[in-house]
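Chain and residue survey
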Amino acid sequence: MDRTDGESSGQQRWFADRYAANARFVSDLAEPLIEILAPKKGEFILDLGCGDGALTKLVFDSGATVIGADASFDQVTACKKLGIPSVAMDGHNLAFNEVFDAILTNAALHWMTSPDDVINGMWAALKPGGRLVGEMGGAGNIATIIRALTEALTCRGLQDKIEFPWFFPHEQEYRQRLEARGFIVDYIELIPRPTPLPGELTNWLDTFGEQFLFLVPEKERQGFKKEVAEAVRPDLFEPHGRWVADYVRLRFSATRSAES
Ligand code: BEZ
């Protein structure tokens, strides 16, 4: 696989093998969403931002018909290998019209920085009465890591180059956006969830922080990552030796009203 492809665009890239090694916790910790979704045999469900399909598989195993959508071809290929129909699609441009009984979305919406376009697309994709169940990074998510990345880039005079790649809303803001589109918000909650990482913080930066790393010349990147890790160590490294990232989740459940 060509690992330099896409780097010049400065965009975050997703590789299924790297994701499996460094980010399996993303789907493992989201299993409560399946309980809220309560998928049923005969339902047609979209997993928006399906990643490599680990969570999608739980919906699939419930007997519902599920389709995965993800912006990454590599992740879509991994999802298909689990036997789950999947399509490569940008969540800002969902092209479905009143076909789904429910949409599940985990750890994906915060990568989509025009939230109303995404909400409009999810609304249109659901049948009247359809359910939306999701979790994303919420206000304060990874604040310690963001501060350290910003400071390390500022030290290098690169602060003006930072394009913040994430959308981490407060619960009130996201509720308002959903309601403005006509969703009935059944539940929404901001949940601090300190998250143990499976390895080094530098691996997390490689997996999730490429838009920051790409701003630094390649030969300086190792040093940059170590500098960021040292800056957050007092807050995020536990005494008995594991990194715990300061995740905050925004979890919600909403319904497209039956009348429209
Ligand atoms: C997350 O909240 O899942 C997340 C946000 C930004 C980067 C990586 C993960």
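Treat the numbers as computed from the prediction; the structure is a model and nothing was measured.

Turning our attention to unusual backbone geometry. The residue glutamate 98 is not glycine, and still its phi comes out positive at about 50°. With respect to the helices, strands and loops of the structure, glutamate 98 is situated in the loop between β3 (86-88) and β4 (100-106). The backbone of isoleucine 142 shows a phi angle near 40°, a positive value even though the residue is not glycine. Among the structural elements, isoleucine 142 can be located in the loop between β5 (126-137) and α7 (143-155).

The next thing to look at is the nonpolar core. Judged by nonpolar contacts, the single largest core of 32 residues is most densely connected at Ile142, Ile145, Leu201, Trp204, Leu205, Phe208 and Phe224. When contributions to this core are tallied by element, the ones reaching two or more residues are α2 (24-28), α7, α9 (201-208), α10 (210-213), α11 (221-236) and β7 (244-256). In terms of residue count, α7 provides more of this core than any other element does, six residues in total. Apart from the residues within four sequence positions on either side, isoleucine 145 is in contact with Leu201, Trp204, Leu205, Val232, Leu236, Ala245 and Asp246. Counting 29 residues, the second largest nonpolar core, distinct from the first, contains Leu48, Ile67, Trp123 and Phe183.

Quick look at the sheet that holds β4 now. Pairing is mixed in the open sheet, where seven strands are placed in the order β3-β2-β1-β4-β5-β7-β6. Only two strands of the sheet have a single neighbouring strand rather than two, namely β3 and β6 (183-196). Taken over all neighbouring pairs, the strand axes of this sheet differ in orientation by 15° on average, direction set aside. Pairing between strand β1 (residues 44-48) and β4: four bridges, direction parallel. Along β4, the bridge assignment pairs isoleucine 45 with alanine 102.

Conventions and cut-offs
- Residues numbered from 1 in each chain as written.
- Predicted model: local features only at pLDDT ≥ 70, side-chain atom pairs only at ≥ 80, totals over all residues.
- Heavy atoms only, no water.
- Helix = DSSP H or I, 4+ residues; strand = E, 2+ residues; numbered from the N terminus.
- Core = buried A, V, L, I, M, F, W, Y, C linked by side-chain atoms within 4.5 Å.
- Buried < 20%, exposed > 50% of the residue type's maximum accessible area, 1.4 Å probe, protein only.
- Contact = heavy atoms within 4.5 Å.
- Pairing = 2+ DSSP bridges.
- Axes fitted to C-alpha atoms, helices over the stretch in contact; angles between N-to-C directions.

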